[in-house]
Amino acid sequence: VSGLVLFAKDKKEAARLSTCMQQGSIGKEYCAILCGELPQKEGCLVDYLVKNADDNVSAVAAESVPGSKRSELHYKTVCTVGHGAEACDTEGIYTLAMIRLVTGRHHQIRVQTAHRGCPVLGDMKYGGAVSGPPVQLAKGEIALCAFRLSVDGEDYVSYPAWAERLA
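Asks: Help me understand the pairing of strand β5 (residues 69-82), please; the structure alone is not making it clear to me.
Replies: Each regular strand shows side chains that alternate between the opposite faces of the sheet. Pairing geometry for strand β3 (residues 42-52) and β5, over eight bridges, is antiparallel. Across the sheet, the residue bridging to Glu 42 is Lys 76, located in β5. Pairing between β5 and strand β6 (residues 93-101): nine bridges, direction antiparallel. Bridge pairing in β6 places Tyr 75 opposite Ile 99.

Right, here's the structure in full:
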């Protein structure tokens, strides 16, 4: 995963930013290439996720499972393309999606999209193909990037290097 990261210069600013995050006034938006197609062109995914710290993975679980946490994200499909039998899933479809987190859970985007049969391209941990026709990724790279960060009404934008390699 690549993209923008927010750091505080001192403890006072860190406390202020922490409060902003808790109040939902800091926004983070991601772009991702998914293997497959989400159920609708635009929507909200809500699941309960449980983290396995020993294996450094998370999974969708029932709300009643101890340690499960509510996880919500909003997505919008930018485009969907098919590339036949050489694509990363049986349908041969890739989706470029913009994703906005409401909650910020461990591997949240990766888990929630993979749970719906649309793993992130390059995400071997959750079932994504190593690479595919839309873009060739470097070893270990996944097509998920925090490209927009909104803080105090200002937007900071940085597009991922793999976006330049899109066909």
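Asks: Would you mind showing me how to read the pairing of strand β4 (residues 57-61) here?
Replies: Note: β3 against β4, five bridges, orientation antiparallel. Following the sheet pairing, Tyr 48 is matched in β4 by Ala 61.

Asks: Can you help me understand unusual backbone geometry in this one?
Replies: Both trends apply: most residues other than glycine have a negative phi, and most peptide bonds are in trans. Of note, the phi angle at Asn 56 is positive, near 55°, even though the residue is not glycine. The topology assignment puts Asn 56 in the loop between β3 and β4. With relative accessibility at 37%, the residue Asn 56 sits in the partly exposed group. The phi dihedral of His 107 is positive, around 55°, even though this residue is not glycine. Among the structural elements, His 107 can be located in the loop between β6 and α2 (108-115). Exposure remark for His 107: the relative accessible area of 18% places this residue in the buried category.

Asks: Explain the side chain of Ser 58 here, please?
Replies: Relative to the helices and strands, Ser 58 is located in strand β4. Among the residues examined, Ser 58 registers a relative accessible area of 7% and is labelled buried. Within the local environment of Ser 58, its side chain forms a polar contact with the side chain of His 106, the two groups lying 2.7 Å apart. Each residue touching Ser 58, except ones within four places of it in the same chain, is listed here: Val 50, Lys 51, His 106, Val 111 and Tyr 126.

Asks: I tried to follow the pattern of salt bridges on my own but got confused; where do I start?
Replies: For side chains of opposite charge, pairing can occur when their charged atoms come near one another. Taken as a whole and judged by the stated rule, the model has eight salt bridges. Note that Glu 13 is salt-bridged to Arg 16, the shortest N-O span being 2.8 Å. Taken as a pair, Glu 13 and Arg 16 lie in helix α1 (residues 11-23) at a separation of three residues, close to a single helical turn. With a relative accessible area of 27%, Glu 13 lands in the partly exposed category.

Asks: How should I be thinking about the side chain of Thr 95 in this particular structure?
Replies: Relative to the assigned elements, Thr 95 resides in strand β6. With a relative accessible area of 1%, Thr 95 lands in the buried category. In this structure the side chain of Thr 95 is engaged in a polar contact, spanning 2.6 Å, whose partner is the backbone oxygen of Gly 36. When residues no more than four places from it in sequence are discounted, the contact partners of Thr 95 are Ala 32, Ile 33, Leu 34, Gly 36, Glu 37, Thr 77, Cys 79 and Thr 80.

Analysis parameters
Residues numbered from 1 in each chain as written. Predicted model: local features only at pLDDT ≥ 70, side-chain atom pairs only at ≥ 80, totals over all residues. Heavy atoms only, no water. Pairing = 2+ DSSP bridges. Helix = DSSP H or I, 4+ residues; strand = E, 2+ residues; numbered from the N terminus. Buried < 20%, exposed > 50% of the residue type's maximum accessible area, 1.4 Å probe, protein only. Polar contact = N/O pair within 3.5 Å; in protein donor to acceptor, adjacent residues only side chain to side chain. Contact = heavy atoms within 4.5 Å. Salt bridge = Lys/Arg side-chain N within 4 Å of Asp/Glu carboxyl O.

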